[in-house]
Amino acid sequence: MKKVLVCLLILGFIPMIFSGCWNYKEVTQLSLLAGIAIDYTDSGEFLLTFEVADLHEMGEKSQVKSVLVEAKGQTLFEAARNVISKSLPKLYWGHATTVIISQDVASSGRIAEVIDFLCRDAEPRLTMAFIISQTKMAREIFEAQAPASEIRSTEINEILDDAGSQSKIVSTPLIDFIKAFSAKGQSAIATALNVEEKGGEKAIVNSGTAIFKKEKLVGFINPEDTAILNFVLDNIKGGVYVVKTDPENAEKKISLELLKSKTRIKPSYAEGKLSMEILIETSVALNEIGGSVEYEGEEAIRILGQKAEAQLKSQIEDFVRKVQREYGADIFGFGQTVYKNLPQVWREMHDEWDTVFSELEVTANPIIVIKHAGLLRKPIKPGD
Amino acid sequence: MDNQQNTHTDLNTYDVSITLGSSLDDNVQQFRTLFQGDDTFIVRFLSNQQCPEARFCILYIEGMLKDEVINESVIQPLIQTVLPRKTEGGIDHILQEVILSNQAEKVSDGNRLFQGILRGECALLMDNCSEGLVINAIGWQNRGIQEPVNEQVLRGPREGFVESIIVNQTMIRRRLATPKLKFVSRLLGKHSKTKVYVCYLEGVANHQILSEVFRRLDKIDVDGVMDAGNISEYIKDAPYSPFETTGITERPDVAAADLLEGRIIILIDGTPVAITLPFLFEEYFQTDDDYYINYYFASFNRLLRMVSFILTITAPGVYVALLTYHHELIPSPLLFSISAAREGVPFPTVVETIFLLFIFEIMREVGMRVPMTVGQTISILGALVLGTAAVDARIVSAPVIIVVAITGLTGLITPRIKAPVIILRLMLVLMGGFMGLFGVFFGIIALFQHLCGLRSFGVPYMIEFSSLNPSDIKDTFIRAPHWFMKKRPTFISGRNRTRQGNWKGGT
């Protein structure tokens, strides 16, 4: 009995002593990485800029600061490991929230390398924000001011979290980018950020969307067009849509708050010709009347809605045509839709999808329902 | 060493025999020899006024008797009553016509007399008679009935058991006025001869459990029994487990309610603590209040206690595991602030946590042992010196203090389960420190295996948590309304299972 007990005890301790602690790491032994910017050096090597949470000078204050560390290397992994020689503990990627890639890297066609590195390693999260910088160097974003938080990566994530109430920004986590990047019949997009200088202070601003074709960055679209893109991609979760009610008078505008929106893309194939119909159902609330637009009663409201529908329709169709003409990149995922709904057609066309896409006939049919007009029943007019 | 050996043998072979003869002086001399060196032993000779040759002797121990009872009901009648001339064999006459006591019996066995004296009864011997009387006039001082400090209730009866088994027995009897209520007595302890009542409701209690209780009680062979703890350690299942498989209560209302459920109560003389059995894991989380207050509130409190139990055993272990293996599971801002707080702390998280847990346990024990008047000093020491100063001096980090505080607080909500909790907590911290969350979960799995393997007098310890029978679980996580509990718990009670009629309450 005693022998058995001793044996059991030893058996119990063996796994603890021999296999226990293999991954033991105190938090203070880690450099907590917040974000990373990827650039090229002049000689064509990768230049990685790490934003590391700096916790060394914190006493009673709860403010966390960040420091920027640079490292070069022929490959990304080499660059990442070169940081260790800079008297920092090993970088911990588990809490990194942002990857910023410079235009140069993105348009040089080496984006696949970056994705591969980020996905292959166990630590980085696939929920990291994937961002293309419109500045010359991606690291400039990290050098900008961050008014809300001392860490720029956190700040950027806060900007992206607000995307819901803005509609002018796309939020592309790494995982979404990879899905679009590797999907057939779809081109990838990514958030684009820029730095603006105002009164000597640099601030991070949303600059729309970066458009990829295959593995290369081909261009950017501005925030206004990004809102239209969001309508097509069924990404609308809130935001404002401004309608010009009178083409002659630019001051006459109404603001509609987007409450709910649902987009369906309907492909149809007839007589050897493929066409797309974008069906949008949006509920909005009337939020602001500019330049004394006349409206009163249900009929007026309905007319307002029709005006908004007409405007949105032409905006979407113009935007799609612009993308077809200028970039030829299927960022709307029309190819995917065809693949899913008309597999026969897709099989015939997928080889020359690029040409098909740029000649695709696209119509938009939005339905805008104005749910309410806020607390006012009539516009307020000046009295006598 | 020799001396100790002697005492021990002496203790074991102490059955002395007294053989009563017909000579009063000889008989008294035998008692005197036994009580030699004990000045509390009182011998009082008396003889009748009318008939001086009728001589008596009263033997007792100082302070154990009610003096007025002995004086007025025994001595006065013996001296003043007119006795028949022939006193030979007249002890029956004395018992029947002279002694004015409700509790007196004739005894021919000298040892029984001797035991009676030791227990505080009064022995009466008579000349020319080889028999004696044992008169019960026990009258020592008892503590008054008070509310038990360890089992206070918000609402409900306020009386608690006292040290006298007779008083305790009456307290239960008052609540269950039925002839089905049985008290079976046993004497435990070679020297202490402690009186023990095994108490049960006939027809409701399970007979197999009952006979098992008697079997285990009869096997006890010790020199003395002081408290319920002594007995329960002898009779409990799984003697090496830190979990109790016998319950305790100091409240007669709890004892009565347990009896009605079919449980068995063991009352022990000399302690206000009664043993209840079988005891299941669930009972750690039940309090008397639960049955007296609104059932929504009671159910909420009970869930609170269970959550607290889980927190108190896992919180430090999970903290250590997260902080040393699973950094990705902590929200970023929290990790940043924990990391900043740990900056400059020289010890690993495991060591730091165990150190603080240890300090907390010391504080708890100090709080128990120290006189009330010094209590304030202790809290100042704990709060200021160990809390603030240790953090400022970077010996420990603030988050650990918070974790230990949560652990301690949630541990205090279920004080009865303290002993296993301390062991489990330490085990889980070590497992967490060695193997991360895997270790913590292995530990929890091992804990469940252990708990599910335990039995209390044949009843599976965790049955109320593992049963799928709705009638078994309505008094576990929640306390169902009383009119829901129509049946007694199947696993405890015997054949008679119906508790109440069909009326649902309300109007």
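As the structure is a prediction and not an experimental result, all values here were calculated from the model.

Asks: Before we go on, may I ask you to explain the overall build of chain B in this structure?
Replies: Scanning chain B from terminus to terminus reveals 18 helices and 12 strands. Relative to the 2.2 N^0.38 estimate, which gives 23 Å for 507 residues, the radius of gyration of chain B is 30 Å and therefore markedly larger than a compact globule would have. Oriented by its inertia axes, the alpha-carbon framework of chain B measures out at about 105 × 65 × 40 Å. Residues counted as buried form 47% of the 507 residues belonging to chain B. Here the analysis covers contacts within chain B between residues at least 6 apart in sequence; of these, 65% occur between residues at least 24 apart. Put simply, chain B shows about 25,200 Å² of open surface, and 59% of that area lies on carbon and sulfur atoms.

Asks: Honestly, the overall build of chain A in this entry has me stumped. Any pointers?
Replies: Broken down by element type, chain A carries 12 helices and 13 strands. With the principal axes as the frame, chain A shows a C-alpha extent of 95 × 65 × 65 Å. Evaluated residue by residue, chain A yields a buried proportion of 47% over its 384 residues. Counting contacts in chain A only where the partners sit at least 6 residues apart, residues at least 24 apart contribute 66% of the total. When the accessible surface of chain A is summed, it comes to about 20,100 Å², and 51% of that surface belongs to carbon and sulfur atoms.

Asks: It is not clear to me how the interface of chain B and chain A should be interpreted in this structure. Could you clarify?
Replies: Reports of interface size often rely on the accessible area that becomes lost once the parts have come together. Listed as interface residues are 24 residues of chain B and, on the opposing side, 21 residues of chain A. Where chain B meets chain A, there are 1 salt bridge. Ionic pairing is found between Arg 342 of chain B and Glu 26 of chain A, a salt bridge with its closest N-O pair at 3.3 Å. Our enumeration of links across chain B and chain A arrives at 9 residue pairs in polar contact (both at pLDDT 80 or more). Broken down by class, the residue content of the side of chain B that touches chain A amounts to 13 nonpolar, 6 polar and 5 charged.

Asks: I would appreciate a short explanation of the domain arrangement of chain A in the present structure.
Replies: Residue and element names in this part refer to chain A. Taken domain by domain, chain A comprises domain 1 (27-221) and domain 2 (227-377). The centre of domain 1, based on its C-alpha atoms, is set 32 Å off from the matching centre of domain 2. If you look at the interface, domain 1 gives 22 residues, while domain 2 gives 24 residues. Linking domain 1 with domain 2 are 1 salt bridge, by the criterion used here. A salt bridge links Asp 354 to Lys 213, with the nearest nitrogen and oxygen atoms 3.7 Å apart.

Asks: Even after reading the chapter, I still don't get the domain arrangement of chain B, so can you show me in this structure?
Replies: All names here are of chain B. What the domain assignment reports for chain B is domain 1 (2-135), domain 2 (165-279) and domain 3 (293-456). The centre of domain 2, based on its C-alpha atoms, is set 35 Å off from the matching centre of domain 3. With 9 residues of domain 2 at the contact, the number on the domain 3 side is 11 residues. Interface area, domain 2 with domain 3, both sides summed: about 860 Å², of which 70% is carbon and sulfur. In terms of surface lost to domain 3, no three residues of domain 2 exceed Asp 237, Pro 242 and Phe 243, which account for 58% of the buried area on that side. Where domain 2 touches domain 3, the interface holds 0 salt bridges. Viewed at the interface, domain 3 and domain 2 are joined by 3 residue pairs in polar contact (both at pLDDT 80 or more).

Asks: Is there a simple way to think about the pattern of salt bridges in this case?
Replies: Pairs can form between side chains of opposite charge once their charged atoms are near each other. Residues and elements named next belong to chain A. A complete count under the given rule lists 44 salt bridges over all chains for this structure. A salt bridge links Lys 322 to Asp 225; the nearest nitrogen and oxygen atoms lie 2.7 Å apart. Taken as a pair, Lys 322 in helix α9 (residues 297-326) and Asp 225 in helix α8 (residues 223-232) lie far apart in primary sequence, 97 residues in all. Overall, the relative accessible area of 16% leaves Asp 225 in the buried class.

Asks: Mind showing me how you'd approach the sheet that holds strand β5 (residues 132-135) of chain B here?
Replies: Across a sheet, paired strands are connected by hydrogen bonds in the backbone, their directions being either parallel or antiparallel. Residue and element names in this part refer to chain B. Spatially, the 5 strands line up as an open sheet ordered β1-β2-β4-β5-β3, and their pairing is antiparallel. The strands lining the two open edges of the sheet, one partner per strand, are β1 (41-47) and β3 (104-107). Taken over all neighbouring pairs, the strand axes of this sheet differ in orientation by 20° on average, direction set aside. Those strands touched by helix α3 (residues 67-80) are β1, β2 (55-61), β4 (122-126) and β5, and its axis lies near 35° from that of β1.

Asks: Looking at this structure, how should I read the sheet that holds strand β10 (residues 274-277) of chain B?
Replies: Residue and element names in this part refer to chain B. With respect to topology, 5 strands assemble into an open sheet ordered β6-β7-β9-β10-β8, the strand pairing being antiparallel. The open sheet terminates on both sides in strands that have one partner only, identified here as β6 (181-188) and β8 (247-249). Within this sheet the neighbouring strands show an average axis-to-axis angle of 25°, counted without direction. On the sheet, helix α9 (residues 252-261) packs against β6, β7 (194-201), β8, β9 (264-268) and β10 and is oriented at approximately 50° with respect to β7.

Asks: Can you walk me through helix α16 (residues 418-453) of chain B in this structure?
Replies: Every α-helical turn comprises 3.6 residues, leaving residues that sit three or four positions apart pointing alike. Helix length check: α16 of chain B, at 36 residues, gives a terminal C-alpha distance of 20 Å against a target of 52 Å (1.5 Å per residue), a shortfall beyond 12%. Considering bend angle alone, the principal kink of α16 of chain B is centred on Met 435 of chain B and spans about 145°.

Asks: Would you take a moment to explain a nonpolar patch on the surface for this structure?
Replies: A surface patch of nonpolar side chains, about 1,000 Å² in accessible area, is lined by Val 4, Val 6, Leu 8, Leu 9, Ile 10, Leu 11, Phe 13, Ile 14, Ile 17 and Phe 18 of chain A. Here Phe 13 of chain A lies in helix α1 (residues 2-19).

Asks: Which parts of the structure should I look at to understand the packing of helix α6 (residues 165-175) of chain B against α9 of chain B?
Replies: Between two packed helices, the angle of one axis relative to the other and the distance separating the axes together describe the packing. Residues and elements named next belong to chain B. Running from N to C, α6 and α9 point in directions that differ by 55°, and their axes come no closer than 9 Å. Put simply, α6 runs oblique to α9. Like other packed secondary-structure pairs, α6 and α9 cross with a definite hand, here right-handed. On the side of α6, the interface is formed by Met 171, Ile 172 and Arg 175, while α9 contributes Pro 252, Asp 253, Ala 255, Ala 256 and Leu 259. Within the contact of α6 with α9, the residues separate by chemical class into 6 nonpolar, no polar and 2 charged.

Asks: How should I be thinking about the environment of Ile 362 of chain B in this particular structure?
Replies: Of note, Ile 362 of chain B is situated in helix α13 (residues 349-369). Distance from Ile 362 of chain B to Tyr 234 of chain B, taken between C-alpha atoms, is 29 Å for residues 128 residues apart in sequence.

Asks: Would you mind going over the pairing of β2 of chain B with me for this structure?
Replies: Along any regular strand, the residues point their side chains to alternate faces of the sheet. All names here are of chain B. Counting buried positions along β2 gives 6 out of 7 residues, so the element sits mostly inside the fold. Sheet topology note: the β1/β2 ladder contains 7 bridges and is antiparallel. Looking at β2, one finds that Leu 46 is bridged to Phe 56. Inspection of the sheet shows β2 paired to β4 by 4 bridges, in the antiparallel sense. Across the sheet, Ile 58 pairs through a bridge with Leu 124, a residue of β4.

Asks: Sorry if this is basic, but what is going on with unusual backbone geometry here?
Replies: Most peptide bonds are trans, and most residues other than glycine sit at a negative phi. Here the amide bond leading from Leu 277 of chain B into Pro 278 of chain B is cis, since omega sits at -5°, within 30 degrees of zero. Along the polypeptide, Pro 278 of chain B turns up in the loop between β10 and α10 (289-292). Backbone geometry places Glu 271 of chain A, a non-glycine residue, at a positive phi of 50°. Here Glu 271 of chain A lies in the loop between β11 (253-270) and β12 (273-290). Backbone geometry places Phe 457 of chain B, a non-glycine residue, at a positive phi of 50°. Following the sequence through the fold, Phe 457 of chain B ends up in the loop between β11 (455-456) and β12 (459-460). A residue is classified by how much of its surface remains accessible, and Phe 457 of chain B, at 5% relative accessible area, is buried.

Asks: Got a minute to help me understand the packing of α8 of chain A against α9 of chain A in this structure?
Replies: Residues and elements named next belong to chain A. At a closest axis distance of 10 Å, the pairing of α8 and α9 adopts a crossing angle of 100°. What the angle tells us is that α8 and α9 run roughly perpendicular. Residue-level contacts link Asp 225, Ile 228, Leu 229, Phe 231 and Val 232 of α8 to Leu 312, Gln 315, Ile 316, Phe 319 and Lys 322 of α9. Looking at the contact of α8 with α9 residue by residue, the class counts come to 7 nonpolar, 1 polar and 2 charged.

Cut-offs and rules
Counting restarts for each chain, with residues numbered from 1 along the sequence as it is written. Labels are handed out in written order, letters beginning with A for the chains and numbers beginning with 1 for the ligands. Where local features are concerned, this predicted model is filtered to residues with pLDDT of at least 70; where side-chain atom pairs are given and counted, the filter is 80 or more; whole-chain, interface and lining totals use all residues. Hydrogen atoms and water are omitted, and side-chain values are computed over all heavy atoms in the structure. The helix count covers DSSP runs of H or I at least four residues long, the strand count covers runs of E at least two residues long, and both are numbered beginning at the N terminus. C-alpha atoms define the radius of gyration in this analysis, and the globule rule sets the expected value at 2.2 Å times the number of residues to the power 0.38. Remark: exposure states derive from per-residue accessible area (1.4 Å probe, protein chains only) relative to the maximum for the residue type, with buried under 20%, exposed over 50%, and partly exposed in between. Any pair of residues with heavy atoms lying within 4.5 Å of one another is described as a contacting pair. Throughout, the Shrake-Rupley method with a 1.4 Å probe supplies accessible areas, and for residues the shown protein chains are the sole cover considered. We count a salt bridge whenever a side-chain nitrogen from Lys or Arg sits within 4 Å of a carboxyl oxygen from Asp or Glu. Counted as a polar contact is a pair of N or O atoms within 3.5 Å, where, for protein atoms, one must be capable of donating a hydrogen and the other of accepting one, and residues adjacent in sequence contribute only when both atoms are in side chains. Following the grouping adopted for this structure description, the nonpolar residues are Ala, Val, Leu, Ile, Met, Phe, Trp, Tyr, Cys and Pro, the charged ones are Asp, Glu, Lys and Arg, and the polar ones are all others, Gly among them. What marks off one domain from the next here is an automatic or database domain assignment. Reported buried area values correspond to the accessible surface (1.4 Å probe) lost by two parts on association, with both partners' losses combined. For two strands to be treated as a pair, DSSP must find no fewer than two bridges joining them. As a rule, the C-alpha atoms of each element are fitted with a line to give its axis, helices using only the stretch in contact, and angles between N-to-C directions run from 0 to 180 degrees. In a helix, the anticipated span is given by 1.5 Å times the number of residues less one. Note on bend: the value at a residue is the angle between axes fitted to the seven residues ending there and to the seven starting there. Patches here are clusters of residues that have more than 30% relative accessible area and form no salt bridge, with a 9 Å joining cutoff for like charges and a 5 Å cutoff for nonpolar side chains (Val, Leu, Ile, Met, Phe, Trp, Tyr). Oblique is the label for any angle not covered by the other classes, which are roughly parallel (under 35 degrees), roughly antiparallel (over 145) and roughly perpendicular (65 to 115). By the definition used in this description, the sense in which the near helix is turned from the far one sets the handedness, with an anticlockwise turn below a right angle giving left-handed and a clockwise turn giving right-handed.

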